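Here is how the chains run, residue by residue.
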Amino acid sequence: MRDLDYLTLLSHEFPTARSCAAEIINLRAIMALPKGNEYFFSDIHGEYESFIHLLRSASGVIRAKIQDTFGELMPEEDQQRLAKLIYYPGEVLTEMRRSGEMTDEWYKDTIHQLVALCREVASKYTRSKVRKKLPVEYGYAIDELLHTDESEPDKRLYYMEIVNAVTKVDVADDFIIALSELIQSLLVDTLHIIGDIFDRGPRADYVMDELIKFSNVDIQWGNHDVSWMGAAAGNPACIATVLRIATNYNSFDVLEDGYGINLRPLSMFADKVYRDDDCAAFRPHLLDDNMYDSVSPDLAAKMCKAITVIELKLEGRLIREHPEYKMDERLLLDKVDYDRGVVSIGGKEYPLKDTHFPTVDPADPYKLTPEEEVLMGTLGYSFRHSRRLQQHIKFLYSHGALYKICNNNLLFHGCIPMDSDGNFKVIETPEGRKSGKDLMDYYQEKIIDAYFLDEMDEPKRKKEAVDMMWYLWAGPDSPLFGKDKMATFEHILISDKELSRENYNPYYEYSANEEYCKKIFDEFEMNPELSHIINGHVPVKVAKGERPVKAGGKLYVIDGGLSKAYHEKTGIAGYTLIFNSHHMALAEHREFDKNGDNTPEMYITESMKHRLLVRDTDNGKVLKKQIFDLEELFECYSIGLIKESR
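This is a predicted model, so every value here is computed, not measured.

Participant: Help me out: how do you make sense of empty space enclosed by the protein in this one?
Facilitator: The gaps left among the atoms become clear once a water-sized probe is rolled over them. Throughout the structure, instances matching the rule amount to 3 cavities of 30 Å³ or more. In this structure, the largest cavity occupies an estimated 170 Å³ of space. Around the largest cavity, the lining is made up of 15 residues, and of these Leu312, Glu315, Ile319, Arg330 and Met486 lie nearest the centre. Elements with a minimum of two residues in the lining of the largest cavity: helix H17 (297–321), helix H21 (459–474) and helix H22 (488–493). A total of 4 residues in the lining of the largest cavity trace back to one element, the largest contributor, which is H17. Class assignment of the residues belonging to the lining of the largest cavity gives a composition of 11 nonpolar, 2 polar and 2 charged.

Below, the structure written as structure tokens:
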């Protein structure tokens, strides 16, 4: 028998034997339903249009459901039109209204089609769960339409009268939008984001807004996310990193319009210091146009150079202050001969593509000038006091973690650091030697401390955690970065491509072997027969023959390049991994074209031995425990150990 105090507390929620029995019946019924659909995305990198389309289209599943529901009864062109209506109901209805295509008959037919499709996608859920997703205003009407059989003579008039009433009172547009959004939400039950929401693409803030609206989402932080989290926590090197990437990828809208970061001090400083410098090595990748903050490529290049020099100085400070990072080889500003315009690396000299560094003191190259100190203070204030940025960062924390185990899947962005022999790499930390799962837990604790620890209470511990946010962005043993170096200096300033090569942690070689995946499953106490690892971070170069499924189906690498910056390298536009009650499948994205057919190519990677039910999931384990507790409470009522409250 469970602790009587606990069961007495539970009795306040279920005060009678009948209420207890009713809940047991309800939970047992839920356990017999098919498991919900899980969707896995990785490396969104601010590509909000592509991501939102994939979310609204359920990565092509809505299009497939339309085909399954209507088949040859609906021509292909009409199926595509219906799909677009579901993805973008407000926009499509506005266009149709302008072109005069609306008729009462069209409204009635469309509502009938949407209801039929809604029934199909809602069939695996309880009525209660579907009701919770219904809009308050139309909940009753939609619920009745979904559960009324209009083929029965006695019900046909009732069904049609609801549809007629919707059109007569002039709410048909709102009703269609509500049905479309219901279909979208029912098809994506759980959303997993495997890191890197930020950087490169135009509007990561729009992506975050969409995630906040989603009812069931979790996030595994990526190194680009952590750099923004570090910036929001006040790490100057992270602030400089974020700004360098944003200016280099022409992402001014997300900074100024999205988060209200005041870039005027940076632009004024850059224009003053580099007025007669073309800053050719720092010119931005013009992948997207800014709608609200158009910055000329010349000024953007100057801003990028100014913040990059500051970033290299701030990184050097951190490396010198933290010898435990073991990153001395990244101290390159003091290896430059500024008179001759060369840098010494590994005993060899290399010419620099840019030799104009007026803010660098060769005698103390990592020292900020007084103007740079003031600038960073101003920028730091903007990041710390951006209400919208802080709201988004808090959501990353409340819904995020370094890794997650969910339904026999181990989710993390980068890697579990390994050594050259394939063992979990042992890292010396102030709290002892850490490796494998212990190392991941240690880093997660530091990430949380960086944002939430009170600086007044523990200033030393707080500073170490805030500093570590930069290390997790670029450190050689960071599980989020997973490379031997972040070659920013070499990429920008040295022509020799070999020097800018960033070598991956041995994890990436070993994890492609099923034996090493099993080693990781053992480390995280997972069943190797049922488990998978799901990663992002490393773009899968499909154009070169690489595939996202490795290690005999145990490892999924789903970063296929949703970001436009990667399309040329990968040959595709990313992946969605879909895990439903029947199978795991990959949807291979097309390059996004809002006016074209963006339906991904989908292929099944693993079929389940039997249809998975809720009882087979992690949530099923929770429900089993709840049922056990309720059965004990019911027994207590039966023998009078706990009295019913009538």
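Moving on from the coordinates now.
Participant: So what exactly am I meant to see when it comes to the sheet that holds strand S6 (residues 348–351) here?
Facilitator: Consider a sheet: its strands pair through backbone hydrogen bonds, and that pairing is either parallel or antiparallel. Reading across from one edge, S4-S5-S6 is the order of the 3 strands in this open sheet, with antiparallel pairing throughout. Of all the strands in the sheet, the pair left with one neighbour each is strand S4 (336–337) and S6. Looking at chain direction, S4 and strand S5 (residues 342–345) are connected through 2 bridges and run antiparallel. Bridging from a neighbouring strand, Asp337 pairs with Val342 of S5.

Participant: Which parts of the structure should I look at to understand the layout of surface pockets?
Facilitator: For the second largest pocket, the calculated volume is near 780 Å³. Lys129, Asp189, Thr190, Asn216 and Asn619 are, among the 31 residues lining the second largest pocket, the residues nearest its centre. Mapped onto the lining of the second largest pocket, the elements with two or more residues apiece are helix H2 (17–31), helix H8 (127–133), strand S2 (190–193), strand S3 (217–220), strand S8 (403–406) and helix H26 (618–639). The greatest single-element share of the lining of the second largest pocket, amounting to 4 residues, is contributed by H8. For the lining of the second largest pocket, the class distribution of residues is 10 nonpolar, 11 polar and 10 charged.

Participant: What is the right way to read the pattern of salt bridges from this model?
Facilitator: Evaluation of the coordinates by the stated rule reveals 40 salt bridges. The partner of Lys313 in a salt bridge is Glu372, with the nearest N and O atoms 2.8 Å apart. On the criterion of sequence distance, the pair formed by Lys313 in helix H17 and Glu372 in helix H18 (residues 370–384) is long-range, its members being 59 residues apart. In this structure, Lys313 and Glu372 share a single accessibility class: buried. Here the residues in one salt-bridge network are Arg203, Asp205, Asp209, Asp257 and Arg388, joined through shared partners.

Participant: Looking at this structure, how should I read a nonpolar patch on the surface?
Facilitator: Nonpolar side chains collect at one region of the surface, where Leu4, Ile639 and Leu641 lie side by side and expose about 270 Å² of accessible area between them. Of note, Ile639 is situated in helix H26.

Participant: Any chance you could explain the environment of Glu144 here in plain terms?
Facilitator: On the secondary structure map, Glu144 appears in helix H9 (residues 139–146). Distance from Glu144 to Ile162, taken between C-alpha atoms, is 8.7 Å for residues 18 residues apart in sequence. Glu144 has contacts with Tyr158 and Ile162, leaving out every residue within four places of it along the chain.

Participant: For this particular structure, what's the right way to read the environment of Asp298?
Facilitator: Here Asp298 is to be found in helix H17. Along the sequence, Asp298 and Ile405 sit 107 residues apart, while their C-alpha atoms lie 47 Å from each other.

Participant: I keep staring at helix H7 (residues 104–122) and nothing clicks. Help me out?
Facilitator: Side chains three or four residues apart in an α-helix point the same way, a direct result of the helix having 3.6 residues per turn. With 19 residues, H7 ought to run about 27 Å at 1.5 Å a step, and its terminal C-alpha atoms sit 27 Å apart, in line with that. Along H7, the residues that are buried comprise Tyr107, Thr110, Ile111, Leu114, Val115, Leu117, Cys118, Val121 and Ala122. Buried-residue contacts for H7 involve helix H4 (61–70), helix H5 (76–87), H8, H9, helix H10 (153–168) and helix H11 (172–187).

Definitions and cut-offs
- Residues numbered from 1 in each chain as written.
- Predicted model: local features only at pLDDT ≥ 70, side-chain atom pairs only at ≥ 80, totals over all residues.
- Heavy atoms only, no water.
- 1 Å grid on protein atoms, 1.4 Å probe; cavity = no way out; pocket = protein on both sides within 12 Å on 5 of 7 lines; lining within 4 Å.
- Points joined across faces, edges and corners; volume = space filled by probe spheres on them.
- Helix = DSSP H or I, 4+ residues; strand = E, 2+ residues; numbered from the N terminus.
- Nonpolar A, V, L, I, M, F, W, Y, C, P; charged D, E, K, R; others polar.
- Pairing = 2+ DSSP bridges.
- Salt bridge = Lys/Arg side-chain N within 4 Å of Asp/Glu carboxyl O.
- Buried < 20%, exposed > 50% of the residue type's maximum accessible area, 1.4 Å probe, protein only.
- Patch = residues over 30% accessible without salt bridge, like charges linked within 9 Å, V, L, I, M, F, W, Y side chains within 5 Å.
- Areas by Shrake-Rupley, 256 points an atom, 1.4 Å probe, with all protein chains shown as cover.
- Contact = heavy atoms within 4.5 Å.
- Expected span 1.5 Å × (residues − 1).

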